[in-house]
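Chains, contacts and geometry: an overview
Take a look at the letters that make up each chain.
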Amino acid sequence: MTTSLVDTISIARCIDHTLLKPEATTADVTALVAEAIELGTYSVCVSPSMLPLTIPEGADLKVAVVCGFPSGKHHSIIKAAEAALSIAQGADEIDMVIDIGAAKAGRFADVQADIAAVRASVPAPKVLKVIIESAALTDAEIVAVCEASVAAGADFVKTSTGFHTAGGATVHAVRLMKQTVGDRAQVKASGGVRSFDDALAMIEAGASRLGVSGSAALLAGAIPTGAAGSY
């Protein structure tokens, strides 16, 4: 697919340029920041232990940090504390993972309470994204978790960690999530968004943000070979 410059710039501004591999080093994250600035992505998304980051003065780049990642099986108190520390160390956005088991068991009030605990540690205008692991949920569960996310004050609902064996983002899930939240929240598609066509399809389905590790290849119109657990 041939892409225009304006399309490439527009897509880049939707991307959270992501590095969440357990073996990532400080040098890797420094390179991630430099590449993000070069590509013009909206943010970098990193693990909390990588904070604080040095963002060059004048760079238009946000810092997103994961929370309760990747399982979501952390106590709400721990998630809230982790989010609070990340905010104190310079994070602009928090991407938290829900307790997927609670959702599978139909305990949506518990899911909402978990999100609300983190929201309390992430005051506006800081942004809270809620990772629901959509590939592991039924459509009815996706709808219920999205409703719980909105009720708890989330700014975004997000498809996936990129680490779950069930898979990552799908057009169907993104469309359903957007239909559910409407104008009350935004949708982030992550997990398997590797090509420019993938990006366009997710945006057309309702995503306004994309989690991508192979951003350079995506923006060049290529499909990179991704390792397991990559965005």
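See the structure shown above.
Residues numbered from 1 in each chain as written. Predicted model: local features only at pLDDT ≥ 70, side-chain atom pairs only at ≥ 80, totals over all residues. Heavy atoms only, no water.

Another aspect to go through is helix H3 (residues 76-88). Quick reminder: α-helices carry 3.6 residues per turn. Residues three or four places apart thus point the same way. Taking 1.5 Å of rise per residue, the 13 residues of H3 would be expected to cover 18 Å, and the 18 Å separating its terminal C-alpha atoms lies within 8% of that figure. The complete set of buried residues in H3 reads Lys79, Ala80, Ala83, Ser86 and Ile87. Taken around the axis of H3, the buried residues stretch over an arc of 125°, which confines them to a single face. Seen from the buried face of H3, the exposed residues on the opposite side, beyond 90 degrees, are Ile77 and Ala88. Turning to H3, the residues buried within the fold contact strand E3 (62-67), strand E4 (93-97) and helix H5 (108-121). Downstream of H3 by one or two residues, glycine 90 has phi in the positive range, about 110°. (Helix = DSSP H or I, 4+ residues; strand = E, 2+ residues; numbered from the N terminus. Expected span 1.5 Å × (residues − 1). Buried < 20%, exposed > 50% of the residue type's maximum accessible area, 1.4 Å probe, protein only. Arc of directions from axis to C-beta. Contact = heavy atoms within 4.5 Å.)

It is worth spelling out the packing of H3 against H5 at this point. In the contact formed by H3 and H5, the axes pass within 8 Å of each other and the chain directions differ by 25°. When the interaxial angle is binned, H3 and H5 end up roughly parallel. Crossing of H3 over H5 shows right-handed handedness. Residue-level inspection shows Ser76, Lys79, Ala80, Ala83, Ala84 and Ile87 of H3 in contact with H5, the latter providing Asp114, Ala117, Val118 and Ser121. Classifying every residue of the contact of H3 with H5 by side-chain character gives six nonpolar, two polar and two charged. (Axes fitted to C-alpha atoms, helices over the stretch in contact; angles between N-to-C directions. Parallel < 35°, antiparallel > 145°, perpendicular 65-115°, else oblique. Left-handed = near helix turned anticlockwise from the far one by under 90°. Nonpolar A, V, L, I, M, F, W, Y, C, P; charged D, E, K, R; others polar.)

Two faces belong to every sheet, and in a regular strand the side chains alternate between them. Of all five residues in E4, five are buried; the element is thus mostly enclosed. The alternating pattern of E4 places Glu93, Asp95 and Val97 on one face and Ile94 and Met96 on the opposite face, and all of these are buried. As defined by bridge partners, E3 adjoins E4 across four bridges and the pair is classed as parallel. Directly across from cysteine 67, in E4, lies its bridge partner methionine 96. Where E4 meets strand E5 (residues 127-131), five bridges bridge the pair, whose relative direction is parallel. Its bridge partner being in E5, valine 97 is matched across the sheet by isoleucine 131. (Pairing = 2+ DSSP bridges.)

Another point: the pattern of salt bridges. According to the stated counting rule, one finds 16 salt bridges in the structure shown. Linking aspartate 99 and lysine 73 is a salt bridge whose minimum nitrogen-to-oxygen distance equals 2.7 Å. Remark: lysine 73 occurs in the loop between E3 and H3 and aspartate 99 occurs in the loop between E4 and helix H4 (100-104); sequence separation between them is 26 residues. With its nearest N and O atoms 2.8 Å apart, the salt bridge here joins arginine 119 to aspartate 155. Of this pair, arginine 119 sits in helix H5 while aspartate 155 is found in the loop between helix H6 (139-151) and strand E6 (156-158), placing the two residues 36 residues apart along the sequence. For arginine 119, a relative accessible area of 15% puts it in the buried group. Classification of aspartate 155 as partly exposed rests on a relative accessible area of 27%. (Salt bridge = Lys/Arg side-chain N within 4 Å of Asp/Glu carboxyl O.)

This paragraph deals with the pairing of E3. In terms of burial, E3 is a largely internal element, five of the six residues being buried. In the sheet, strand E2 (residues 43-46) pairs with E3 via four bridges, with the strands oriented parallel. Within E3, the position partnered with serine 43 by the bridge is lysine 62. Once the chain exits E3 it traverses H3 before rejoining the sheet at E4, and the crossover so formed is right-handed. (Right-handed = clockwise from strand over helix to strand, strands pointing away.)

By themselves, these figures tell us nothing about what the structure is for.
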